[in-house]
Structures are given as structure tokens and as C-alpha cells.
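Observations on the model geometry
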Amino acid sequence: MYRTHTCGELRITDKNKLITLAGWVQTIRKFGAITFVDLRDRYGITQLLFGESLNNLLDENPLGREFVLQATGTVSERSNKNPNIPTGEIEIIVSSFKVLNKSVVPPFTIQDDTDGGDDLRMKYRYLDLRRNIVKKNIELRYAVSRAARNYLHHQGFMDIETPFLIKSTPEGARDFVVPSRMNPGQFYALPQSPQTFKQLLMISGYDRYYQVVKCFRDEDLRADRQPEFTQIDCEMSFVEQEDILNTFEGMVKFIFKEVKGIEYTEKLERMSWEDAMRYYGNDKPDIRFGMKLTELKSNYSGEDRNIFKKEIEASGFKVFNDAELVGAISVPGCCDYTRKQTDELTEWVKRPQIGMAGLVFAKYHSDGSLKSSVDKFFDESTLKSLAEKCQAKPGDLILILAGKEERTRKALSELRLEMGERLGFRKPDEFKLLWVVDFPLFEFSEEDNRYVARHHPFTSPKPNEIHLLDDASQYGTIKANAYDMVLNGNEIGGGSIRIFQRDVQEKMFAALGMSKEEAQHKFGFLLGAFEYGAPPHGGIAFGFDRLCAILGGSESIRDFIAFPKNNAGRDVMLDAPSTIDDKQLEELQIRFNLK
RNA sequence: GGUUCGUUGGUGUAAUGGCUAACAUCUCAGAUUGUCGAUCUGAAGCUACGGGUUCGAUUCCCGUACGAACCGCCA
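Scope of this entry: the structure provided in the associated data block. Because the structure is predicted, anything quoted here is derived from the model rather than measured.

**Let's talk about the overall build of chain A**
Tallying secondary structure elements over chain A gives 16 helices and 22 strands in all. The buried share among the 595 residues of chain A stands at 49%. In chain A, the proportion of contacts linking residues at least 24 apart, taken out of those at least 6 apart, comes to 66%. Between the centroid of the 81 positive side chains of chain A and the centroid of its 90 negative side chains there is a distance of 3 Å.

Laid out in C-alpha cells, this is it:
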């Protein structure tokens, strides 16, 4: 046995016990005849005291940072206590020790405030994982997974594994593919999600399934995206949308309670996709703060979405008149923005990523007066009515963007989030959940010149709209039985009620421009299965990594993955991907045609 | 595919069209019997790569590589 205790558990009540610890040398502090060593393991840090009698032994077996050390000694009360660590009242008077392994000098310090940059820490991820801060993230991840599993288990869900070597599917993200040696010229694909398998499990009668499972998508990465990521994947039979929303609202609340100690008692708001787009410009609104979008003029019919249209037409202001959408947000308490600040905001919206031509603003001063960048076109009383219509209060800064519908809506959303961020409204320790529901079933793809599934091709239309699948002119109007759970402006989960009748599924494939033969070739197994008594079913999948990151107050999911990949999908520790031996290529009968 | 930013001792940062490239930390050696971000003394160690401008480039310009963030993309 290497140890009797861990480095985090000994207390003053253990005084005089003879114990053995094993761990890593955190720091060495030498004071002439005596030497202090902080010994670290996963559980904490305990101070070792090497007395004068061990000096010869220490000279023969010098210690260094990150050496693996076993030490036996007596728990003793410190004369100088350290209130900052749980074991701070005691130290170990070492009687004997053994260096179990040496360490070269690590490339960065293994401390909370390490001197290592991101790059280096990725390369030596196994060292970075020793750091307390990283360890806490990994522990949080485990706590989330444990809570989810506990909840689902107690709700009668079964964890069932599904294969990783599957068939490439046309819809959705790019597949990672794996060549098959035994079937030359043919490829497996890694699953983008276990979608079809969980539906088949429903057909098999396993009416409550879940899996914490890896998914693979070969797309470009971001701080919150990895080529392989983890989902909490769930599916239920004999349920309607309402059942699923309630079940998984419960799961997320349980996770909050278990992991963060937060009792999230209020019922989750349900917001239609249409309202989300209208009031937040975004299908995953951050509702921790207001600053909702106001449509001054839009393509939509209806007075309430064109509240300033008449005034705009009367003004002769070309920028607004030519725009598909003119939208505003009022930013609380920012009416005193200086020229420099408004110029800076204008530059911000003109960045290529936002892509607006300019920014119009109106300062609603505390004395009730209004000063705008378009005073030439609107007199003060008109601006006053504008302010009222935007529900601006004295002291607010009204920001207005105009242009093409889609881009402008997106820009307004970005601007709202940016101002929310600047004003400190996006607190990482405040959590606001909501459901976004009633998504459109289809989305028109300019690139492919056809409709594509907004969620995925197995999503059921609203039951009373299924007949619209027979009329191609109606595709754009069909609403889906699909839903997303949104946390602080992030989509953390999404799902749908599925199609479970063969004929509906065939219509769906046809709507997506797939021929009967193609549908049969790619999804014949599913269509076939639908003929053998498929139950009504639906499900949801949560982005596990992202959920962990948000609960941990971080923007980056990499911090919550033990061995993450970088921006370009490389594992810099392994140096993967890499070339393979000619022999392997030969076996696979693969030759390159590199461009 | 695109945009932006970055690359200076082991690590993290600073500065400069020219002189010994600075600071902190780490490392090594010495001192030190109560430290816990120990302290003190000393030592060692740096301008990513390729090209251009220039009398002279770490600095300015172009390219490459690598990293990061974002846009496109991600059912």
C-alpha cells in the first residue's frame, strides 16, 4: 500500500497518527536545517516537515517540483497555522520518505495562476490537468453527468449504447469518415448524433432511452465547438411535446440543484421562434436583460411591426426608406455617450462580421430633450414619439440600424448583446432558462436552391399542418414540433417530436428534394422500421460540453474537456491528425490526390 | 473560404530603425530553524521562419508556419 490517507483529508483530530502520504511535490521551502514540502494530490495539499535528521538523506535524494514522493510520518499540530487550506492546522513530521519517481522541470508552473500560455498548456495537457482550476472544471463535468444520469435513471430511462461506425447521411453537417479495409472503397461515417438509432430503439419498445455520447461533425471550430463533442441524448415514446418539455425542464433543474445548489423553481418561459426573432433578433435569446428590439419598419404587415413607418416615409430619409427593416434598441442610461463613444459603436457595427453601413442614434436626455444623428430628417417631437414607441426612458440611448432584413436583425441582436455585455447585464452567475418553440420546419437554402430541414429530416410538422407537406408552395409556412432549451443566450438542448409514419416521412424526404430511390437507399432501414408498428415518439439532445461551460462560468468548452482539440481540429499533444504508414494505406487501397 | 489580432530567455510580459534588448517568474549555486506567493546574495538564459526596404531591421513592408477570436459553415 502506497498511502494510508490522501493529501486533502488530515485534520487536527488526526494528531499523533502515524500516516503515509503519496503525491506530487508542489513547492519546497528550505530553511537551513529544516525543509518544508507541500505535497499535492487530487484531494488537496498537505505540508511535510523534514527535520534536521533527514538532511543527509535529502542530500542523497534531492527533491524537485513534480517529483512523486511517498512520505511516512506523524500528524502534528503546526505552530504557525495556515487558515487558507483545509489541512492548514497540521503538518507531517516526516520520519522516512521515498522518491517514487523524478520529474524534469515542468514547462509551466502547476498553480492556479500558472505562467503557461494556452498553447503550451494544450501541448502538456496532462500537466495542465494537475492544476486545481482545470481539475475543478473536470469535476464539475462529472457532477453534471452524474446528476443527469441520476435523474434519467429515476425517470425510468435506460442507457443504451449505439454504434460509432455507421453510415454516412446526406443531411446536416459534414461527416467524419472511416475507410473500411474489409470493404475496399467503402466508408463508415462517425455519427453526427445517434438520431436514427434512438428512433429505432423506440420502435423496438425501449420507450425511454438516454446516452451520454460522443458525436462527430467535420465543420470549422469555435471556442464553443469541437469536432467531437458530447451530448446527453434522449428519446421517449408515447409522448407529446408537452411531456418532453416537462421531463427535461425537470432534468435541467435537477442539474442546477445538484451541481450549483440553485433551486430553479420558476416554470420556464415558452417563447415562439417568431417572437424570439422579433424581439431579440435571435433564436436563442439571452433573457437576463431587456433591451428588446423594436421594429420601426419591416416587411411584415401589421401596424405593430411598422410603428414608425409613416414618419419614415414622411421624412424622406433614404437610408430608412430603402431598408427592408429598421429596428431600434434603447440602451438604458447611455444618453451621455460622447462623440468618441458613438463613433466607436458605429465602427463596431461596420466591422465586416456585423456588416452594417452605419448606425443611427438618438440621445434621450434626462431633461426630456432629444438629440439624434438624423435631426435633419426628424424634428424633436417626431423623435419624442419615436422614443415613446421604443419604450425609451429619459437617460437612454436609442440605437437604430437599417438594411436588409436578415442581416439587420442579426446585427441588432449582436448590438443588443454587446451593449448588454458592456453594461454588465450578462452576469455569469445569473442563470435564465427558456424554451423556444414552434420553429419553422424548413429553411430555404440559397446554396442548394431547395428547402432544407431546419432541425433534421425526422422532425414532425405540427399535427394540424402535416397536410401542407402535399403543397410545395406552403413549405415555408409549416411549423415544426421542435423546441430548443436556451440558457443565457446559448442553445443548450434541442429536439423534436418525430415523424413515425412511413408516408409522412416519405413526403418529408420528397420535400427535401430526395428521390424515392435516394430515400430508400439512404434511409430504407428507417422507412422499413416504420412499417412494423412505430410508436409516436420524440426526444431531445443536450450539448453537454456547453452546458458544463456555462455552469462553470466559462465561454470556452475546451476548459471542460480533458483532452480537447485546437482551432484547427488538431490535438497538439498527440500531434493528430497525422499521416499513416504506406502499409496501412496499401491495406485500405487508398491513394491520395492532394490539391 | 474570409476577416482581425498575436509570435521577444524555460514561462509570462516590456521596449527600441543603431549602444550590453528590460522586468517578473522558473532553473542552478550559496545563505537561512517556522515557511506556506518565503526571504536574501549570485549565476545562466530571448527577438518564429523566408524574402524585401535600409549604411544598419527584433522594430517598417510582403509571404510562410503556428496560435487565438470571429464571419461563412455547424440538420
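There is more to say after this.
**Some points on the sheet that holds strand β12 (residues 294-297)**
Pairing is antiparallel across the open sheet formed by 5 strands, whose spatial order is β12-β13-β16-β14-β15. A strand with exactly one partner marks an edge of an open sheet, and here the two such strands are β12 and β15 (370-372). Put simply, the sheet's adjacent strands are angled 25° from each other on average, direction ignored. The pairing of strand β14 (residues 360-364) with β15 spans 3 bridges and is classified as antiparallel. What sits directly across from Y364, in β15, is L370.

**Some words on the protein's contact with RNA strand B**
Surveying the vicinity of RNA strand B reveals 45 residues, the closest of which are N80, D115, A453, H455 and N566. Near the protein, meaning within 4 Å, the atoms of RNA strand B are sugar or phosphate in a fraction of 50%, with bases accounting for the rest. Contacts to RNA strand B include R558, whose side-chain N or O atom sits 3.2 Å from a phosphate oxygen. Within the contact set of RNA strand B, a phosphate oxygen lies 2.6 Å away from a side-chain nitrogen or oxygen of N567. Secondary structure elements with two or more residues in the surface near RNA strand B: β1 (18-31), β2 (34-41), β3 (44-50) and α2 (118-123). Class assignment for the residues of the surface near RNA strand B results in 13 nonpolar, 14 polar and 18 charged.

**A look at helix α13 (residues 502-511)**
All buried positions along α13 are accounted for by V504, Q505, M508, F509 and A511. The buried residues of α13 all sit within an arc of 160° when viewed along its axis, so they share a single face. Of the residues flanking the end of α13, it is G513, one or two places downstream, whose phi is positive at about 80°.

**Topic: the packing of aromatic side chains**
For the structure on display, the rule yields 23 aromatic pairs. Centroid distance F157 to F248: 5.9 Å. Interplanar angle 65°. Geometry classified as edge-to-face. Of this pair, F157 sits in the loop between α4 (132-154) and β6 (158-159) while F248 sits in helix α6 (residues 241-260), placing them 91 residues apart in sequence. Each member of the pair, F157 as well as F248, is classed as buried. Here Y451 and Y475 contribute two aromatic rings whose centre-to-centre distance is 5.7 Å and whose plane-to-plane angle is 85°, an arrangement assigned as edge-to-face. One end of the pair, Y451, is in strand β19 (residues 450-453); the other, Y475, is in the loop between β19 and β20 (482-487), and 24 residues separate them in sequence. Through successive ring pairs, a cluster of aromatic residues spans F308, F317, F320, F377 and F378. Looking at R416, its charged tip hangs above the ring of F289, at a distance of 4.1 Å from the centre.

Calculation rules
- Numbers given to residues run from 1 along each chain, matching the order in which its sequence is written.
- To label them, take the chains in the order written and letter them from A, then take the ligands in the order written and number them from 1.
- Per-residue local features of the predicted model are confined to residues with pLDDT of at least 70, and side-chain atom pairs are confined, for both listing and counting, to 80 or more; whole-chain, interface and lining totals are unaffected and use all residues.
- Remark: hydrogens and water are excluded; side-chain values derive from all non-hydrogen atoms of the structure.
- The numbering of helices and of strands both runs from the N terminus, where a helix is a DSSP run of H or I of at least 4 residues and a strand a run of E of at least 2.
- Burial here depends on accessible area, computed with a 1.4 Å probe over protein chains only, as a share of the maximum for the residue type. Under 20% is buried, over 50% is exposed, and the range in between is partly exposed.
- Contacts: residue pairs with any heavy atoms within 4.5 Å of one another.
- Positive charges come from Lys and Arg alone, negative charges from Asp and Glu alone, with His and the N- and C-terminal ends not counted.
- Working definition for charges: the position is that of NZ of Lys, CZ of Arg, CG of Asp or CD of Glu.
- Strand pairing follows a simple DSSP-based rule, namely that at least 2 bridges must link the two strands.
- Angular values range over 0 to 180 degrees, each being the angle between N-to-C directions of two axes fitted as lines to C-alpha atoms, with helices fitted over their stretch in contact.
- Distances are taken per atom, and a residue is near a molecule or strand as soon as one of its heavy atoms is within 4 Å of it.
- Each polar contact in these results corresponds to two N or O atoms within 3.5 Å; when the atoms are within protein, one needs to be able to donate a hydrogen and the other to accept it, and residues that are neighboring in sequence are counted only if both atoms are side-chain atoms.
- Gly falls in the polar group here, along with every residue not listed as nonpolar (Ala, Val, Leu, Ile, Met, Phe, Trp, Tyr, Cys, Pro) or charged (Asp, Glu, Lys, Arg).
- Our arc is simply the arc of the directions from the helix axis toward the C-beta atoms.
- Two aromatic rings, drawn from Phe, Tyr or Trp (for Trp, its six-membered ring), form a pair once their centres lie within 6.5 Å of each other, and the interplanar angle then sorts them: stacked below 30 degrees, edge-to-face above 60, tilted otherwise.
- Our definition puts a charge over a ring when NZ of Lys or CZ of Arg is within 6 Å of the ring centre and also within 35 degrees of the ring normal.

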